[in-house]
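One-letter residues, chain by chain:
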Amino acid sequence: MRGLAGACAVLIAAIAATGCGTTGLPEAGSGDATQGRVLFKANCGQCHTLADAGTKGVIGPNLDNAFLQSRADGLGDLTVQSVVRDQIAYPVEHPTTGAPGMPANIVTGDDADSVALYVASVAALPVRPQPGAEAGGSAGGAAPDGKAIFAEAGCGGCHTLKAAGATGTVGPNLDDAKPPKALVIDRVTNGKGVMPSFKDSYSTEQIAAVADYVSTNAGQ
């Protein structure tokens, strides 16, 4: 019973750190962690830091930090998955700053299960080497795909860009701003305000490709 009480205390702490309720444990193994990583980077990484995904968002909680003590206390992946899944469905205001929570159901159904499974499998754990090239990369000598990088990096979660079908409102509306390529390169490389730097996640060539995509298509 003491062990169970300790696990419950850890779960409450994790819930408080991530700001969520509880809806019950998901089915063991539900979701696809590989797809979850892609979805996390596209929809969550602009707000959350997660080392395995290479994301450094600062708007929401750092997920590695949020589950660090839980890992040390032996909280299982299935419980972490449930905590994350609930946060996706029922986000609340930030427990420390009182800032509004993320939009509810930013991903849904099987996609939400996959994101939760992925986060549960990597949060607060050593980073694993990723097989193959990242989306938008230059495997086989192909030029980086700026549009694919824009989607993968989750730029559309914060910025509006009609050409990309993006309607984010956290950051500047790129169609209105029409930023020149040099400015986009600087912002993506170095970050500014709540926008994180992506220089550790993408190569110089990939950053140039997404900057070219944005500057060429903004306002079209």
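This structure is a prediction, so every number in the text was calculated from the model and none was measured.

Focus on helix H10 (residues 204-217)
Thought 1: For H10, with 14 residues, the first-to-last C-alpha span of 20 Å sits near the 20 Å given by 1.5 Å per residue.
Thought 2: Of the residues making up H10, those classed as buried are Gln206, Ile207, Ala209, Val210, Ala211, Tyr213 and Val214.
Thought 3: Looking one or two places after H10, you find Gly219, whose phi comes out positive at around 85°.

What to know about a nonpolar patch on the surface
Thought 1: Taken together, the side chains of Val58, Ile59, Val170 and Val194 present a nonpolar region at the surface, about 320 Å² in accessible area.
Thought 2: Mapped onto the elements of the fold, Val58 is located in the loop between strand E2 (55-56) and helix H3 (63-66).
Thought 3: Assessed through its relative accessible area of 54%, Val58 is described here as exposed.

Quick word on the confidence of the model for the protein
Thought 1: Overall, the predicted model of the protein reaches an average pLDDT of 80, with 77% of residues at or above 70.
Thought 2: Highest mean pLDDT in the protein belongs to helix H8 (residues 174-177) (96); lowest belongs to helix H1 (residues 2-18) (40).
Thought 3: Below a pLDDT of 50 lies the segment residues 1-23, which in the model reaches 37 contacts outside its immediate sequence neighbourhood of four places, other chains included.

Focus on the pattern of salt bridges
Thought 1: Under the counting rule described, the total for this entry stands at 6 salt bridges.
Thought 2: Among the ionic pairs, Asp200 bridges to Lys56, the shortest N-O distance being 2.6 Å. Of this pair, Asp200 sits in the loop between helix H9 (181-190) and H10 while Lys56 sits in strand E2, and the two are 144 residues apart along the sequence.
Thought 3: Between Arg71 and Asp77 there is a salt bridge whose closest N-O contact spans 2.6 Å.
Thought 4: Looking at Arg71, the relative accessible area reads 17%, which means it is buried.

The rules we used
Residues numbered from 1 in each chain as written. Predicted model: local features only at pLDDT ≥ 70, side-chain atom pairs only at ≥ 80, totals over all residues. Heavy atoms only, no water. Helix = DSSP H or I, 4+ residues; strand = E, 2+ residues; numbered from the N terminus. Expected span 1.5 Å × (residues − 1). Buried < 20%, exposed > 50% of the residue type's maximum accessible area, 1.4 Å probe, protein only. Patch = residues over 30% accessible without salt bridge, like charges linked within 9 Å, V, L, I, M, F, W, Y side chains within 5 Å. Areas by Shrake-Rupley, 256 points an atom, 1.4 Å probe, with all protein chains shown as cover. Salt bridge = Lys/Arg side-chain N within 4 Å of Asp/Glu carboxyl O. pLDDT = per-residue confidence, 0-100. Contact = heavy atoms within 4.5 Å.

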